[in-house]
Amino acid sequence: MSAETKAAPTKTPRPQEPGKARATIGAIVLVLLVIGGGYFSNADWSKFPDVFTEGWRYFYLMLKGIVQNPFSEPYSEYWTQAFNGMLESISMAWIGTMIGAAISIPMGFLAARNVSHPVVVQVTRVFLNIIRTLPELVFAIILLLPIFGFGPNAGALALGIGAVGTLGKLTAEALEGIDPGPVEAARAAGAPGSAILRWTYWSQVLPEVLAFWLYRFEINIRASAILGVIGAGGIGSVLSQAFRYREWDFIGILLLVIIVVTVIVDSISGAVRHRIIAGTAIKDKDIDTQPVGL
């Protein structure tokens, strides 16, 4: 027998299984935090079983309004108010998204490290962080309601200002992740700064930024319902009045309209976002699969 056949085959040592102590300790700490939060929340946990009794009663009262004939009074008026309020909420969300998108474009360029001076970047990012920490309710109550009063105008502007922080940050991050090749080529060709920003920076991030705008539009639809509670228009104002007078059948209709319309808008927006982001890849795939010579 040769020396090679006599040599015992070498065995790769099995890697040591990672310890689970850190994950176990983290899970225990998380459970303790949840229990501690429930204990210090001053909640009356003895009434928790009432959720399964009173909750079903309120659900039944709301369901009664949904199953009624929508063409009979007062339910025809209820459905009309619900759809009109939801349409106003969608309008507020759309206008707010457009306002936030328009302002976030220059803010995104100012906050991008590969576009602006470091001092400008830091100042802009601090400003965007401040906007993101304040909810839309604060903008509506402190800044807009004293000027525009109660109504959808204040709500739309509050949604627009609130969207600037998020959209500006996402736009800056998208600009920082572009391919630097076209930028260097444009500079080598002597293109002016505005053309470089337009055709090398903005053209690369536009599909991604459009997806951000659509996603923010979905968020603003939900936020518009909350703003309506303080009188900023939309279906939230109608829902607040219905809760005030305990009109449970009307509340059921309002909640159903909110859920159905939100799901439809989310589905359409998600399909459009997917088409914007994956559209180029789909076209390339279709081109590659075509027979040569056709």
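What counts and how
- Residues numbered from 1 in each chain as written.
- Predicted model: local features only at pLDDT ≥ 70, side-chain atom pairs only at ≥ 80, totals over all residues.
- Heavy atoms only, no water.
- Phe/Tyr/Trp six-rings, centres within 6.5 Å; stacked < 30°, edge-to-face > 60°.
- Helix = DSSP H or I, 4+ residues; strand = E, 2+ residues; numbered from the N terminus.
- Buried < 20%, exposed > 50% of the residue type's maximum accessible area, 1.4 Å probe, protein only.
- Lys NZ or Arg CZ within 6 Å of the ring centre and 35° of its normal.

Explain the packing of aromatic side chains to me, please; I cannot follow it from the model alone.
Two descriptors summarise a pair of aromatic rings, namely the distance from one centre to the other and the angle between the planes of the rings. For the structure on display, the rule yields eight aromatic pairs. Look at Y75 and Y78: their rings are 5.8 Å apart centre to centre, the planes differ by 90 degrees, and that puts the pair in the edge-to-face class. In this pair, Y75 and Y78 both sit in helix α4 (residues 75-111), three residues apart, roughly one turn of the helix. Each member of the pair, Y75 as well as Y78, is classed as buried. Plain terms: the ring middles of W94 and F217 are 5.3 Å apart, the flat faces sit at 90 degrees to each other, and that makes the pair edge-to-face. One end of the pair, W94, is in helix α4; the other, F217, is in helix α9 (residues 193-227), and 123 residues separate them in sequence. On the basis of relative accessible area, W94 is assigned to the partly exposed category, the value being 44%. Judged by relative accessible area, F217 falls into the buried class, the value being 10%. Through a chain of ring-to-ring contacts, three or more aromatic side chains come together here, namely Y58, F243 and W248. Over the aromatic face of Y58 sits the side chain of R57, whose NZ or CZ is 4.7 Å from the ring centroid.

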